[in-house]
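# Coordinates in review
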Amino acid sequence: MWNSLARFILKNGILLIVLLFGLTAFLGWRASKVKLSYEFSKAIPTDNPKYLAYQQFRQQFGDDGNLLVIGIQSDRIFQQDFFNDYAQLQRNLKKVEGVNEVVALPGAINLVRSEENEKLGAINIFPEGPLSQQQIDSSRDAFLNLPFYRGLLYNPETNAWLMGVRVNSQILNSPGRTKLVNDIIEPANAFGKKQQTEIHLSGLPLIRTVTSDRLQKEMRYFLLGSLLLSALILFFFFRSVSAMVLSLVVVLIGVIWSVGILNLSGYKITILTALIPPLIVVIGIPNCIYFLNKFHTTYRETGDKKQAIINMIAKMGIVTLFCNLAAAIGFAVFALTRSAILKEFGVVAGINIMLLFVISLILIPVALNILPPPKARHTKYLDNRWLQNGLVNLERWSLNHRKLIYMATALVLAFSIAGIMRINSVGFIVDDLPKKDKVYTDLKFFEKHFKGVMPLEIVVDTKKRMGATRNLTNLLKMDSLVTYLAAQPYIGKPITITEGLKFAKQAFFEGDSSFYIMPGDNDMIALRPYLAANNQVQVGGPNAFNSLITSFMDSNRQKVRISVSMMDIGSYRLPFVLDSIQTQTNLLFDSAQYHVELTGTSVTFLEGSRFIINGLKESIFWAFLLIALCMLYLFRSWRILLCSLIPNLIPLVITAGVMGWAGVPLKPSTVLVFSVALGIAIDITIRFLVNYKQQLKDSGFNVEQTVIQTIHATGLSIIYTSIVLIAGFVIFCFSGFGGTQALGWLTSLTLVTATFANLVLLPALIISFYKFGNKNQKI
């Protein structure tokens, strides 16, 4: 079959090349239309109750993740020049296209009671325009007398001040978000530079924009870096510009196809699919090395270029097919998960790894047929004395020191298993950033002074129309929950209608701060005329009091929203925090009369992390099972199947053990390593065993002799390929993100151990299995 296919490819080479480049041109055109995904990663299935609750919340109350915060720490805030510049910053930010609202000290409002009209007037505490020091001082006392803003806009104990910038959600989910965020950052930094004070910026809009922009730039550099590094290694191995260029053309076509198919599939570039082009380069180069290595070996033996090409396809076609199939399975199993972002990654990566085989199978033979025969210097690498001596040592170890190999393997496994017991599963929203990164340190500033910026929303459904405003008992229960939340060390000041009612009561009692408490029955009767929407003075536009109240209730006044900001405490502690809040709500609100839902970005982050980690764990199982079935079909031997799986399980166990000892937590970016590495590492095993099977009959079923021949026949290309793979993944270690770094060094570690396991342990297992069984029975 493969001989016939080889002759067909050589006979119709020009036609196949035209079709190949024509399809590349089409997919290149589609690749030019691919778009970036600006939405937060869809890690949760769309039918998940947490996802549905969050979407319902967004429909009723709007987005919770569109607040960008600017923080400063200064005791000069009420000095004339400082305050006026701070006020000018607020005015400048209001003019930025895409900014919906800016909340800060200079624009703070106060409620003033008007007995004549029975109205609450919402007035600005600080007048508009540049103020004199006397005006600032007089207004300062009025502001500091309002407990409503304490812990919200400032921390009186640390002199920290916060400016909240609410941005347009549609722009935030579009290419314009980078410009919007930069338009906010620039005037903020200009203010900080002028006043010589450090500016801190955080919030999900900034975190997501900055990290995604950095990641996109990194992926471009990694793609270029992997191509350059692969080119250098190929030239070093083959000493041939044509072999190097041919290999690069293969992977470049693979990259173009991968991006084009991403667009054809209706997908956008996400944090995961951005990894596919560099991975295509890393996985495609080994195909080229194995094909070229077989071509050079055969040509040196026969001196016939055409026969060498036919033999290359006949011998390496089946091997490369199953190697790419195994690697594709390692990625494609992500499509079996219920996480949309993993499905997209799995589908596109799996398809394109298989297409890499087609590209290699067509382009390499046709190009070799057109190019002149290789010269002596091009095959000199086959006689590398250092590597040949290394292969001789591997041969001796496999034949004479198998017990020592097994003992060393057992000790390493015991050490690794002990490490596995130390692994923790935890993830943070910004844990992939270095601890000294400005985004990370600024987040910690807000956690220290304002208890964080991560949104958590609690929706209390009274199950009755007007139940949120005409039932004081309901309001008192909500206030009890607010008091509980405010007492937690990891939760910032809660905002809801009860805080607005306290503000209104203080205003009713002539601004006396001691009356910033929940109204009683008599207070509610007295306040009712003042709280009527048609009786409120609309001074201050969108900052008016009724705007504050109505934004925390639905149109039926049945549901109330309690908004809090919290620390990024991680996926390990977060469930306990949410459970404690849920327990408190159960004590306050009878489930027969109320429904309380915890939602918001913090909840969806936790649920998304769970789904991704569980999905990746399942994908490892399915990858292992499907690869095992492929191996069983390929070799039709249970003993060879067992021999093939053991050397690929051990590297995964070792990597997991190193993670435990090194304190690397189990999170989406690290769990991804195992399934990817399994699919790539099995490549080495397949190439070794297929060559073993092909040579076993020629050696008269002499297992030891066949193992020796196989070590020398495949060892060189296995080592070269492993170097390329390891070097390709090591590039990711230079990332500024912990998750990408983990993908780099953990996958490299797995591949290093897999190479040793397949060149040392696998031959020893084959010989031991043969000696254990019937010596006349071939395996």
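Residues numbered from 1 in each chain as written. Predicted model: local features only at pLDDT ≥ 70, side-chain atom pairs only at ≥ 80, totals over all residues. Heavy atoms only, no water.

One can find Val-724 in helix α24 (residues 703–730). Owing to a relative accessible area of 3%, Val-724 belongs among the buried residues under this scheme. Discounting residues that sit within four places of it in the chain, Val-724 has contacts with Ser-230, Ile-233, Phe-237, Ile-285 and Ile-289. (Helix = DSSP H or I, 4+ residues; strand = E, 2+ residues; numbered from the N terminus. Buried < 20%, exposed > 50% of the residue type's maximum accessible area, 1.4 Å probe, protein only. Contact = heavy atoms within 4.5 Å.)

Residues Leu-336, Phe-621, Trp-622, Leu-625, Leu-626 and Leu-629 make up a contiguous nonpolar surface patch of roughly 560 Å² in combined accessible area. With respect to the helices, strands and loops of the structure, Leu-336 is situated in the loop between α11 (305–332) and α12 (340–370). (Patch = residues over 30% accessible without salt bridge, like charges linked within 9 Å, V, L, I, M, F, W, Y side chains within 5 Å. Areas by Shrake-Rupley, 256 points an atom, 1.4 Å probe, with all protein chains shown as cover. Salt bridge = Lys/Arg side-chain N within 4 Å of Asp/Glu carboxyl O.)

Turning our eyes to something else, we now look at the side chain of Glu-457. Along the chain, the position of Glu-457 falls in strand β8 (residues 454–461). Overall, Glu-457 belongs to the buried group, its relative accessible area being 3%. Of the polar contacts made by the side chain of Glu-457, one reaches the side chain of Arg-561; its length is 3.0 Å. (Polar contact = N/O pair within 3.5 Å; in protein donor to acceptor, adjacent residues only side chain to side chain.)

As summarised here, the arrangement of the 3 strands in space is β9-β8-β10, forming an open sheet in which the pairing is antiparallel. Across the chains shown, the open sheet's two edge strands, defined by having one partner strand only, are β9 (559–566) and β10 (595–599). Neighbour-to-neighbour, the strand axes of this sheet turn through a mean angle of 15 degrees, independent of strand direction. Sheet topology places β8 next to β10; 5 bridges connect them, and they run antiparallel. Bridging from a neighbouring strand, Glu-457 pairs with Thr-599 of β10. (Pairing = 2+ DSSP bridges. Axes fitted to C-alpha atoms, helices over the stretch in contact; angles between N-to-C directions.)

Among the nonpolar cores identified, the biggest contains 261 residues, and Ile-70, Tyr-149 and Ile-686 are the most heavily contacted of them. For this core, the leading source of residues is helix α23 (residues 668–696), giving 17 residues. Discounting chain neighbours no more than four positions away, the residues touching Ile-686 are Val-319, Phe-322, Cys-323, Ala-326, Met-631, Leu-634 and Phe-635. (Core = buried A, V, L, I, M, F, W, Y, C linked by side-chain atoms within 4.5 Å.)

We now examine the pattern of salt bridges. Tallied over the entire structure, the rule returns 12 salt bridges. The salt bridge partner of Asp-63 is Arg-58, with a shortest N-O separation of 2.6 Å. Residue class for Arg-58 comes out partly exposed when judged on its relative accessible area of 29%. A salt bridge links Lys-444 to Glu-447; the nearest nitrogen and oxygen atoms lie 2.9 Å apart. In this pair, Lys-444 and Glu-447 both sit in helix α15 (residues 438–450), 3 residues apart, roughly one turn of the helix. Residue classification places Glu-447 among the buried positions, given a relative accessible area of 7%. What you see here is one network of salt bridges that share partners, running through Asp-137, Arg-140 and Asp-141.

Here we take up the packing of aromatic side chains. In the structure shown here, the tally under the stated rule is 28 aromatic pairs. Here the aromatic rings of Phe-78 and Trp-161 are separated by 5.5 Å at their centres, their planes lie at 85 degrees, and the arrangement is edge-to-face. Placement of Phe-78 in the loop between β1 (67–73) and α4 (80–94) and of Trp-161 in strand β6 (residues 160–167) is noted, with a sequence separation of 83 residues between them. Each of the two residues, Phe-78 as well as Trp-161, counts as buried. (Phe/Tyr/Trp six-rings, centres within 6.5 Å; stacked < 30°, edge-to-face > 60°.)

This part takes up the packing of α4 against helix α7 (residues 177–195). Relative to each other, α4 and α7 sit at 170 degrees, their axes nearing to 10 Å. In terms of orientation, α4 and α7 fall into the roughly antiparallel class. For the pair α4 and α7, contact is made by Asp-81, Phe-82, Asp-85, Tyr-86, Leu-89 and Leu-93 and by Asp-183, Ile-184, Pro-187, Ala-188, Phe-191, Lys-194 and Gln-195, respectively. When grouped by side-chain class, the residues that make up the contact of α4 with α7 number 8 nonpolar, 1 polar and 4 charged. (Parallel < 35°, antiparallel > 145°, perpendicular 65-115°, else oblique. Nonpolar A, V, L, I, M, F, W, Y, C, P; charged D, E, K, R; others polar.)

Let's shift gears to the confidence of the model for the chain. Averaged over all residues, the pLDDT of the chain is 85; the fraction at 70 or higher stands at 95%. Within the model, pLDDT remains below 50 along residues 774–779, and this stretch shows 13 contacts once partners closer than five positions in the same chain are excluded. (pLDDT = per-residue confidence, 0-100.)

Within the secondary structure, Ser-240 is located in the loop between α8 (204–238) and α9 (241–264). Polar contacts involving the side chain of Ser-240 include one to the main-chain amide nitrogen of Ala-243, which spans 3.2 Å. Ignoring sequence-local partners within four residues, the contact set of Ser-240 consists of Phe-235 and His-378.

A separate point is the packing of α8 against helix α10 (residues 276–302). Where α8 meets α10, the axes come as close as 9 Å, and the angle between the chain directions of the two elements is 15 degrees. Taken as axis vectors, α8 and α10 run roughly parallel relative to one another. Regarding α8 and α10, the two cross each other, and that crossing is right-handed. For the pair α8 and α10, contact is made by Met-219, Phe-222, Leu-223, Ser-226, Leu-227, Ser-230, Leu-234 and Phe-238 and by Pro-277, Pro-278, Val-281, Ile-285, Ile-289, Leu-292 and His-296, respectively. (Left-handed = near helix turned anticlockwise from the far one by under 90°.)

Bringing unusual backbone geometry into the picture now. Here Arg-557, not a glycine, exhibits a phi torsion of approximately 55 degrees, which is positive. Within the element layout of this structure, Arg-557 appears in the loop between α19 (545–550) and β9. Even without being a glycine, Arg-636 presents a positive backbone phi close to 55 degrees. Within the fold, Arg-636 resides in the loop between α21 (601–635) and α22 (638–662).

We now examine helix α16 (residues 472–486). Relative to the 21 Å expected for 15 residues at 1.5 Å per residue, α16 spans 21 Å between its end C-alpha atoms, a close match to the ideal helical length. Those residues of α16 not exposed but buried are Leu-472, Asn-474, Leu-475, Met-478, Asp-479, Leu-481, Val-482 and Leu-485. Of the surrounding elements, those touching the buried residues of α16 are β8, α17 (497–508), α18 (521–531), β9 and α20 (570–588). Capping of α16 at its N-terminal end is provided by Asn-471; its side-chain oxygen lies 3.0 Å from the backbone amide nitrogen of Thr-473. (Expected span 1.5 Å × (residues − 1).)

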